[in-house]
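# Remarks on the overall topology
One-letter residues, chain by chain:
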Amino acid sequence: MEAMGVAAALGLLLLTAGGSTADEAREAAAVRELLVRLLGPGPAAAFSVSVERSLATESGLDTYRLSGGGAGARVQVLGSTGVAAAAGLHRYLRDFCGCHVAWSGSQLRLPQPLPAVPEELTEATPNRYRYYQNVCTQSYSFLWWDWARWEQEIDWMALNGINLALAWSGQEAIWQRVYLALGLTQTETDEYFTGPAFLAWGRMGNLHTWSGPLPPSWHLKQLYLQHRILDRMRSFGMIPVLPAFAGHVPKALTRVFPQVNVTQMGSWGHFNCSYSCSFLLAPEDPLFPLVGSLFLRELTKEFGTDHIYGADTFNEMQPPSSEPSYLAAATAAVYQAMTAVDPDAVWLLQGWLFQNQPEFWGPAQVAAVLGAVPRGRLLVLDLFAESQPVYVRTASFQGQPFIWCMLHNFGGNHGLFGALESVNQGPTTARRFPNSTLVGTGMAPEGIGQNEVVYALMAELGWRKDPVADLGAWVTSFAARRYGVSHGDAEAAWRLLLRSVYNCSGEECRGHNHSPLVKRPALHMATTVWYNRSDVFEAWRLLLAATPTLASSPAFRYDLVDVTRQAVQELVSLYYEEMRTAYLKKELVPLMRAGGILAYELLPALDQVLASDCHFLLGSWLEQARLAAVSETEAHFYEQNSRYQLTLWGPEGNILDYANKQLAGLVADYYTPRWRLFAETLVESLVQGVPFQQHQFDKKAFQLEQTFVLGTRRYASQPEGDTVDLVKKLFLKYYPRAGSFSQLTILKPPSPQTPNLGRFPGPGAGQASQEHHRPE
């Protein structure tokens, strides 16, 4: 069977779009309501939205049709599903009106009259699914959301054509019912759950107990949210993926059932067994189907079902045995517990386990898992396909359908990063792979709210049969839509970013920020990057030159902050190199100069710039946590959960700075004190003539880190200061001269007669790094 035929057949086997006339009417109404939320009732009246299943092609793939518009005519949007209609609406707003929908703020200035669609435009997606989310996104980004924020996100999902997404809120409330029914006490149940900021890893069996317990109010609020999330997703025709039992159980189950056959797994993430080393039920134990069916029955009774369930038994944990028979039995037990309750169940499996531990998952082990579920009933997420695709070494997952996913971001970090060329080519390459079983594309970031250009491209690719022909032209159009006007300097800046920070390639590309700025300082830290830093500095200059025209655009001001933040991140690396070089050469004055500028001038200036934009405030992040509480005790507990996640990630810095973010307040009170301590320690070392002791420094740094985590200082949740003025001041002081990156000469402010920043001399070629960034 040809590759496209295999994929189409499996897509139909998994699930086909059905529904009644009532479903069509409900989905059309949902898109009309989205239009009103997006544009307001007046502009929304210029659109006619309808849903007809018959529009879909013979394969049942989502399709939209655009027509009408022009003077006095309504724009006609027809979709085979609500999601398809929303995607068609987005296409019209984007390509005909020059609008832009984004996390950081949408640009929705509509031309009047609305442009006509010159010829009826019909577009069908090449694949069954456009998937969204990662289990970790629930903790790194969605953690403290209320319904208003969820509503915005689901609208974004619909407009970007997402039709398959996780819906995992509220599951702990269901598990609580199950554990109590099995005989656990309330105390044992409470002790098992992690705190809110770490639930993603509790759900995958990596952690238990850490930073808990969950207050009763948490369960009630999450149940409420889950009902609203599911109702809204289903109203668009999206398929919510519910959780299922993966095999992990509380240790307390062994008290209730002393003869139960369980295996204690190894530790995870540098946590000891007080918080990890989960207990895994043996697949042959009679409790396995009992627990699994109890949970799924209670879950579907509460929430209904769309028949796709997610479960991850061996996420970043080595199975107890590499025997194929064991792996097949463990896999089959999970699937059979699903089908015992829902005979139409499809298992959505994150394929990260095959990528994360390739030395364990040899051909026989992979085959055992993939072959234990009937073909077409296991849907695999090739989670990191833009960098390390698994389908190419597993013969397209040995016939099981898969979704090509872009992971892109780890830990919800800030930092300009992307592998746009790989993303652009990847889905087409996978579709053309011999006997391909590709049935969809997906976005699976650990955290969102960053690098929006990457997600705009990936969402568009979900509706394209071929790659974008010219990414340079595409990113130029992206900038014009984002800011609502074409501007040469801004577009040139984006082309520079495209060829630098967004041009990572190879297996070592990871969207995980390991910049010295956000790491605990050490004498030997990697500072190499895959791009020429001069491109970032020049993009910074060009954006600043565009401020007279574009400063009124919220998206532009956000980007100005973000690129300034990136430029400072580069400067920190370069000042750190000067510090290290001076220390190794035992040159006290250059050490004091570089360390003083970095820790006492540059980082405070960065904190001020970040404080001018609402998207870069620690206070906003912590305030979200506090607002989720029903008492001051809960508010303090939730805030401490947030502080731990952003920094130590465990009681002893177990996964230190994994979820680093560059936020005003966090830079001032967490990163800056560490750098000051580091600079002072190096100076003392030279003055006293004693070697620098990293382990002694780490102990002192941990005390600073712990002080921040346990602190109660309230931070501003509203922006302060003018972004453009603050960026100009920082630029004039730190913008490096042409060819002087190694010296980092500080520029003096221009004289009053200097015309404008647009004429400020740009950097030269500089020194492009000869090494790629190496993730830890």
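If you're wondering where the values come from, they're calculated on a predicted model, not measured in any experiment.

## A few points about the overall build of the protein chain
Assigned secondary structure in the protein chain consists of 29 helices and 15 strands. Seen through its principal axes, the protein chain has C-alpha atoms that stretch 75 × 75 × 55 Å. Across the 776 residues in the protein chain, those meeting the buried criterion constitute 63%. In the protein chain, 77% of the contacts between residues at least 6 apart in sequence involve partners at least 24 apart. Treating the 60 positive side-chain charges of the protein chain as one cloud and the 71 negative ones as another, the clouds have centres 4 Å apart.

## Examining unusual backbone geometry
Pro113 follows Gln112 through a cis peptide bond whose omega is -5°. Along the chain, the position of Pro113 falls in the loop between helix H4 (82-95) and strand E4 (121-124). That bond from Gly212 to Pro213 is cis: its omega, 0°, falls within 30 degrees of zero. With respect to the secondary-structure elements, Pro213 resides in the loop between helix H9 (199-203) and helix H10 (216-235). For Trp649, which is not glycine, the phi torsion reads 60° and is therefore positive.

## Details of the state of the cysteines
What the rule picks out here adds up to one disulfide. A sulfur-sulfur distance of 2.0 Å marks the disulfide that ties Cys273 to Cys277. Note on the Cys273 and Cys277 pair: the S-S dihedral is about -70°, so by sign convention the disulfide is left-handed. Cys277 sits in the buried class, given a relative accessible area of 3%. For Cys99, which is in no disulfide, the shortest distance to another cysteine sulfur is to Cys97 and amounts to 5.1 Å. Classification of Cys99 by relative accessible area gives buried; the value is 2%. Left unpaired, Cys405 is separated from the closest cysteine sulfur, that of Cys136, by 13 Å.

## Remarks on helix H18 (residues 452-461)
Summarising burial for H18: nine of the ten residues are buried, a large majority. Regarding H18, the residues found buried are Glu452, Val453, Val454, Tyr455, Leu457, Met458, Ala459, Glu460 and Leu461.

## Notes on the pairing of strand E2 (residues 63-68)
Pairing analysis gives four bridges linking E2 to E4, with the strands arranged antiparallel. Bridged to Thr63 within E4 is Ala124. Between the end of E2 and the start of strand E3 (residues 75-79), which pair antiparallel, lie six residues, with Gly69 showing a positive phi angle near 85°.

## Side note on the pattern of salt bridges
On inspection of all chains with the given rule, the structure shows 38 salt bridges. Its salt-bridge partner being Asp95, residue Arg91 comes within 2.6 Å of it at the nearest N-O pair. In this pair, Arg91 and Asp95 are both assigned in helix H4, four residues apart and thus about one turn of the helix distant. Across the pair Arg674 and Asp657 runs a salt bridge, and its minimum N-O distance is 2.9 Å. Linking Arg674 in helix H27 (residues 666-688) with Asp657 in the loop between helix H26 (632-646) and H27, this pair joins segments that are 17 residues apart in sequence. Here Arg674 falls in the buried class, since its relative accessible area comes to 1%. By relative accessible area, which is 5% here, Asp657 ends up buried. Taken together, the shared-partner salt bridges in this structure form one network comprising Arg91, Arg94, Asp95, Glu123, Glu460, Arg464 and Lys465.

## Thoughts on the sheet that holds strand E12 (residues 346-350)
What the eight strands build is a closed barrel, ordered E5-E6-E7-E11-E12-E13-E14-E15; its pairing is parallel. Mean inter-strand twist for the sheet, computed between neighbouring axes without regard to direction, equals 30°. H10 rests against strand E6 (164-166) and strand E7 (239-243) of the sheet, and its axis sits at about 145° to E7.

## Re the environment of Glu652
By the element assignment, Glu652 lies in the loop between H26 and H27. Expressed as a C-alpha distance, the spacing of Glu652 and Phe702, which sit 50 residues apart in the sequence, is 8.1 Å.

## Topic: empty space enclosed by the protein
Scanning the model with the defined rule gives nine cavities of 30 Å³ or more in all. Taken as a whole, the largest cavity encloses approximately 270 Å³ of empty space. Lining the largest cavity are 22 residues, and of these Gln171, Trp175, Gly202, Arg203 and Met204 sit closest to its centre. At the level of elements, helix H7 (171-182) and H9 are the ones that each hand at least two residues to the lining of the largest cavity. Here the lining of the largest cavity gets four residues from one element, more than from any other, and that element is H7. Class assignment for the residues of the lining of the largest cavity results in 13 nonpolar, six polar and three charged. For the second largest cavity, the calculated volume is near 130 Å³. Lining the second largest cavity are 14 residues; nearest its centre among them are Gln138, Leu143, Ser169, Trp218 and Gln222. Mapped onto the lining of the second largest cavity, the elements with two or more residues apiece are helix H5 (137-140), H9 and H10. Here the residues of the lining of the second largest cavity are counted per class, giving nine nonpolar, four polar and one charged.

## Some points on the nonpolar core
Grouped together as the largest cluster of nonpolar side chains are 271 residues, with contacts concentrated most on Phe47, Tyr132, Trp201, Trp649 and Trp675. Per-element tally for this core: the top contributor is helix H23 (residues 554-584), with 16 residues. Every residue in contact with Phe47, bar those within four places of it in the chain, is listed here: Leu35, Leu39, Arg74, Val75, Val77, Leu89, Tyr92, Leu93 and Leu114.

## So, the packing of H27 against helix H28 (residues 694-709)
Remark: H27 packs on H28, axes separated minimally by 10 Å, with the N-to-C direction vectors making an angle of 160°. Considering their axes alone, H27 and H28 lie roughly antiparallel with respect to each other. Crossing angle aside, the handedness with which H27 passes H28 is right-handed. Together, Leu666, Asp669, Tyr670, Pro673, Arg674, Leu677, Phe678 and Thr681 of H27 and Phe697, Lys700, Ala701, Leu704, Glu705 and Phe708 of H28 make up the contact between the two elements.

## Structural notes on the environment of Pro521
With respect to the element layout, Pro521 can be found in the loop between helix H20 (488-499) and helix H21 (533-545). Spatially, the C-alpha atom of Pro521 lies 8.8 Å from that of Ala701, the residues being 180 residues apart in sequence. Once residues within four sequence positions are removed from consideration, Pro521 is found in contact with Arg674, Trp675, Phe678, Gln694 and Phe697.

## Focus: the side chain of Arg580
With respect to the helices and strands, Arg580 occurs in helix H23. With relative accessibility at 15%, the residue Arg580 sits in the buried group. A distance of 3.3 Å separates a polar side-chain atom of Arg580 from the backbone oxygen of Met525. Among the polar contacts made by the side chain of Arg580, one reaches the side chain of Glu577 at a distance of 2.7 Å. In this structure Arg580 touches Leu523, His524 and Met525, once residues within four positions along its chain are discounted.

## Some remarks on a nonpolar patch on the surface
Together, Leu588, Met592 and Val687 make up a nonpolar patch on the protein surface, roughly 270 Å² of accessible area in all. Residue position: Val687 is located in helix H27. When its relative accessible area of 57% is taken as the criterion, Val687 is described as exposed.

## Thoughts on the confidence of the model for the protein chain
In the predicted model, the protein chain carries a mean pLDDT of 93, and the fraction of residues at 70 or more is 92%. Contacts of residues 742-776 to residues separated by more than four positions or lying in other chains number 80 contacts, the stretch itself having pLDDT below 50.

## A look at the pairing of strand E15 (residues 438-443)
Residues in a regular strand project their side chains so that they alternate between the two faces of the sheet. Among the six residues of E15, six are classified as buried, and the element is accordingly described as predominantly covered. Considered for its hand, the β-α-β crossover made up of strand E14 (residues 402-406), helix H17 (residues 420-431) and E15 is right-handed.

The rules behind each value
Residues numbered from 1 in each chain as written. Predicted model: local features only at pLDDT ≥ 70, side-chain atom pairs only at ≥ 80, totals over all residues. Heavy atoms only, no water. Helix = DSSP H or I, 4+ residues; strand = E, 2+ residues; numbered from the N terminus. Buried < 20%, exposed > 50% of the residue type's maximum accessible area, 1.4 Å probe, protein only. Contact = heavy atoms within 4.5 Å. Lys, Arg positive; Asp, Glu negative; His and termini not counted. Charge placed at Lys NZ, Arg CZ, Asp CG, Glu CD. Disulfide = S-S within 2.5 Å. Pairing = 2+ DSSP bridges. Salt bridge = Lys/Arg side-chain N within 4 Å of Asp/Glu carboxyl O. Axes fitted to C-alpha atoms, helices over the stretch in contact; angles between N-to-C directions. 1 Å grid on protein atoms, 1.4 Å probe; cavity = no way out; pocket = protein on both sides within 12 Å on 5 of 7 lines; lining within 4 Å. Points joined across faces, edges and corners; volume = space filled by probe spheres on them. Nonpolar A, V, L, I, M, F, W, Y, C, P; charged D, E, K, R; others polar. Core = buried A, V, L, I, M, F, W, Y, C linked by side-chain atoms within 4.5 Å. Parallel < 35°, antiparallel > 145°, perpendicular 65-115°, else oblique. Left-handed = near helix turned anticlockwise from the far one by under 90°. Polar contact = N/O pair within 3.5 Å; in protein donor to acceptor, adjacent residues only side chain to side chain. Patch = residues over 30% accessible without salt bridge, like charges linked within 9 Å, V, L, I, M, F, W, Y side chains within 5 Å. Areas by Shrake-Rupley, 256 points an atom, 1.4 Å probe, with all protein chains shown as cover. pLDDT = per-residue confidence, 0-100. Right-handed = clockwise from strand over helix to strand, strands pointing away.

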